[in-house]
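Residue-level listing of the chains:
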Amino acid sequence: MSKPRDPVAGPNAPEPPFPIRLSGPVIKGFGRGSKDLGIPTANIPADDLSEKHPELTTGVYYGVVALDPKTYHHETSESSASTAVVLPAVLSIGYNPFYKNTVRSVEIHIMPALTEPSPTAAGQEGHTKFNRLPDFYKTRLNLLILGYIRPEFDYVSLEALVEDIRVDCEVARESLLREAYKCYLVHNGNTSGKVSEDRAWLVSFD
Ligand SMILES: Cc1cc2nc3c(=O)[nH]c(=O)nc-3n(C[C@H](O)[C@H](O)[C@H](O)COP(=O)(O)O)c2cc1C
Ligand SMILES: Nc1ncnc2c1ncn2[C@@H]1O[C@H](COP(=O)(O)OP(=O)(O)O)[C@@H](O)[C@H]1O
Ligand SMILES: [Mg+2]
């Protein structure tokens, strides 16, 4: 048996180089996320990543995302149609060693709001059902990466890869529930200037 993973990742407040801003239209990947793994990932272009963010090494990260409300309407949103909803996310940047890709990809799995029960919590009956939204290809996506979880690995089986991504979702969730991270997801009166600035960038789609 491998040893259990830490329930949270990274320091108690984001430290440089985080938060890192990434943005792009949602593009087609290899079509494996939903079909093979049952885990949809919104892919965004990775072309100018090494030039713009040389500090971003391959690996798994957590953060927060917003989708352009002009083309994506969140079903359960209480906000008006013109305000983007901010949701927690877990993402992988790299070559997916299990699939031996030759190009780097940025793939984001959007999780339910932290106020909702986690579909990926341990000890649930049967197969894990990962969060699924209506498709939003071509929609613009803004992402603030807030912390690093682990390197990318190769796996002995598809099941082992899926189980590690399930744990990544739980680690991301627990990490984002800390006050200095939660403030990116929910407004509270005393957010600092820098957090408000990053949040304003996150939900702006011109
Ligand atoms: C949180 C997260 C962690 C991941 N970790 C790994 C990993 O360690 N090794 C790997 O080969 N792929 C990893 N992946 C990538 C999956 O293999 C990938 O999402 C899948 O190949 C779907 O690709 P597609 O969008 O091109 O269809 C990870 C994906 C996510 C969302
Ligand atoms: N929770 C989610 N997180 C990310 N993408 C999702 C989610 N739910 C549905 N999607 C949709 O599924 C697509 C990704 O599915 P995936 O099987 O990874 O295909 P692809 O290989 O084209 O990226 C996204 O582009 C998006 O439109
Ligand atoms: Mg994908």
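Just above, that's the structure.
In what follows, the accompanying structure is described. Here, residues in each chain are numbered from 1, in the same order as that chain's written sequence. Lettering for chains starts from A, numbering for ligands starts from 1, and both go in the order in which the items are written. This being a predicted model, a pLDDT of at least 70 is required before a residue's local features are given, and a value of 80 or more before pairs of side-chain atoms are given or counted; all residues contribute to the totals for chains, interfaces and linings. Only hydrogens and water are set aside; all other atoms, that is, all heavy atoms of the structure, feed into the side-chain values.

**So, the overall build of the chain**
Link 1 in the chain: A run of DSSP states H or I qualifies as a helix once it reaches four residues; a run of E qualifies as a strand once it reaches two. Both are numbered from the N-terminal end. Counting its secondary structure elements, the chain contains five helices and six strands.
Link 2 in the chain: Secondary structure of the chain in N-to-C order comes out as β-α-β-α-β-β-β-β-α-α-α.
Link 3 in the chain: Along the first, second and third principal axes, the C-alpha atoms of the chain reach 45 × 35 × 35 Å.
Link 4 in the chain: Note on classification: 1.4 Å probe, protein chains only; a residue is buried when its accessible area is under 20% of the maximum for its type, exposed when over 50%, partly exposed between these limits. The proportion of buried residues among the 206 residues of the chain is 46%.
Link 5 in the chain: Within the structure as shown, the chain displays about 11,300 Å² of accessible surface, and the carbon and sulfur contribution to it stands at 55%.
Link 6 in the chain: For the chain, the centre of its 21 positive side-chain charges and the centre of its 26 negative side-chain charges are spaced 2 Å apart. Each accessible area is a Shrake-Rupley result for a 1.4 Å probe, and residues are judged covered by the shown protein chains and nothing else. Neither His nor the chain ends contribute to the count of charged residues, in which Lys and Arg are positive and Asp and Glu negative. A charge is said to be at NZ when it belongs to Lys, at CZ for Arg, at CG for Asp and at CD for Glu.

**A look at the coordination of the magnesium ion (ligand 3)**
Link 1 in the chain: Atoms are scored as donors when they are N, O or S and lie within 2.8 Å of the metal, with 3.2 Å used for Na, K and Ca; no water is included, so coordination may look incomplete. At the metal site, the magnesium ion (ligand 3) is ligated by Thr41 (O), Thr41 (OG1) and Asn43 (OD1), and these contacts range over 2.1 to 2.2 Å.
Link 2 in the chain: Geometry is assigned from donor-metal-donor angles: four donors are tetrahedral when every angle falls between 85 and 135 degrees, four are square planar and six octahedral when opposite donors sit over 155 degrees apart with all other angles between 65 and 115, and any other arrangement is irregular. Considering all six donor atoms around the magnesium ion (ligand 3), angles at the metal cover 79 to 169 degrees and the coordination shape is octahedral.
Link 3 in the chain: Judged by its relative accessible area of 29%, Thr41 is partly exposed.

**Points about the site of ligand 1**
Link 1 in the chain: If even one non-hydrogen atom of a residue comes within 4 Å of a molecule or strand, that residue is called near it. Residues in close proximity to ligand 1 total 23 residues, the closest being Phe30, Arg32, Phe98, Glu107 and Phe153.
Link 2 in the chain: Throughout this description, a polar contact denotes any pair of N or O atoms lying within 3.5 Å of each other; where both atoms belong to protein, one of them has to be capable of donating a hydrogen while the other can accept it, and for residues adjacent in sequence the pair is counted only when both atoms sit in side chains. In this structure, an oxygen atom belonging to ligand 1 sits 3.1 Å away from a main-chain N or O atom of Pro97.
Link 3 in the chain: Within the side chain of Glu107, one N or O atom sits 2.5 Å away from an oxygen atom of ligand 1.
Link 4 in the chain: Starting from 620 Å² of accessible surface for ligand 1 in isolation, the protein chains cover 98%.
Link 5 in the chain: Residues belonging to the shell around ligand 1 are distributed by class as follows: eleven nonpolar, seven polar and five charged. Think of it as three bins: nonpolar holds Ala, Val, Leu, Ile, Met, Phe, Trp, Tyr, Cys and Pro, charged holds Asp, Glu, Lys and Arg, and polar takes everything else, Gly as well.

**Focus: the site of ligand 2**
Link 1 in the chain: Surrounding ligand 2, one finds 21 residues, the nearest of these being Gly29, Gly31, Ser34, Phe136 and Tyr137.
Link 2 in the chain: Contact between ligand 2 and Phe30: an oxygen atom at 3.2 Å from a main-chain N or O atom of the residue.
Link 3 in the chain: At 2.6 Å from an oxygen atom of ligand 2 is found a side-chain nitrogen or oxygen belonging to Ser34.
Link 4 in the chain: Look at ligand 2: alone it shows 560 Å² of surface, and the protein chains cover 97% of it.
Link 5 in the chain: Mapped by element, the contributors of at least two residues to the shell around ligand 2 are α1 (32–37), β2 (42–44) and β5 (105–110).
Link 6 in the chain: Split by residue class, the shell around ligand 2 holds nine nonpolar, eight polar and four charged.

Take it as geometry only, folks, not as evidence of what the structure does.
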